[in-house]
Amino acid sequence: MLPRSGDVLRVTREASVQFADPMLFRVIRVHDWPTYDGWVWLDGYELNGGGEAVERRSIFVKISGLRTVGSAPDIRQRNARHPAARPTGVHTRSR
């Protein structure tokens, strides 16, 4: 499955031999550039152990070698309208 913006991936040697030392990577963009079947260019940030971005990178990786650690939030859920909650037990003053 193709990663999407916001996904956090574990990138290892399975994705490309250049990643002998595994890293965490947060995807900014998945390029639609023509390349070998099953491979993709990704723009994003290398993350440290605390999940903070330490370096912006572009990487060329085999999709089947990527492991998802965290997923981007579902925009449909975030933008869904929810009816306003009605307060219960609210007392009003009477005159």
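The shown structure was predicted, so the numbers you read here are calculated from the model rather than taken from an experiment.

Novice: Any chance you could explain the pairing of strand E1 (residues 8–11) here in plain terms?
Specialist: Side-chain positions along a regular strand alternate between the two faces of the sheet. In the sheet, E1 pairs with strand E2 (residues 23–30) via four bridges, with the strands oriented antiparallel. Pairing of Arg10 across the sheet is with Leu24, part of E2.

Novice: Just checking my understanding: could you explain the pattern of salt bridges for this structure?
Specialist: A side chain of one charge can pair with a side chain of the opposite charge when the charged atoms of the two come close. Tallied over the entire structure, the rule returns three salt bridges. Where Asp43 meets Arg29, a salt bridge forms, and the shortest distance between an N and an O atom there is 2.8 Å. With Asp43 in strand E3 (residues 39–47) and Arg29 in strand E2, the pair connects residues that are 14 residues apart, well separated along the chain. Here Glu46 ties to Arg57 by a salt bridge, and the two come within 3.1 Å at their closest N and O atoms. Here Arg57 lies in strand E4 (residues 53–62) and Glu46 lies in strand E3, a separation of eleven residues in the sequence. Looking at Arg57, the relative accessible area reads 25%, which means it is partly exposed.

Novice: Could you clarify how one ought to interpret the pairing of E3 in this entry?
Specialist: In this sheet, E3 lies alongside E2 in antiparallel orientation, the contact comprising six bridges. Paired with Phe25 across the strands is Glu46, a residue of E3. Both E3 and E4 contribute to a ladder of nine bridges, which runs antiparallel. Within E4, the position partnered with Tyr45 by the bridge is Arg56. What sits between E3 and E4 in their antiparallel hairpin is a turn of five residues, with Gly51 showing a positive phi close to 85°.

Conventions and cut-offs
Each chain carries its own residue numbering, running from 1 in the written order of its sequence. Per-residue local features are limited, in this predicted model, to residues with pLDDT of at least 70; the limit for side-chain atom pairs, both in listing and counting, is 80 or more; totals at the level of whole chains, interfaces and linings are taken over all residues. With hydrogens and water set aside, each side-chain value is computed from the structure's full complement of heavy atoms. Pairing between strands requires that DSSP locate at least two bridges from one strand to the other. In this text, helices come from DSSP runs of H or I with a minimum length of four residues, and strands from runs of E with a minimum of two, each type numbered from the N-terminal end. By convention in these notes, a salt bridge is any Lys or Arg side-chain nitrogen within 4 Å of a carboxyl oxygen on Asp or Glu. Exposure classes here rest on a 1.4 Å probe applied to the protein chains alone. A residue is buried below 20% of its type maximum, exposed above 50%, and partly exposed in between.

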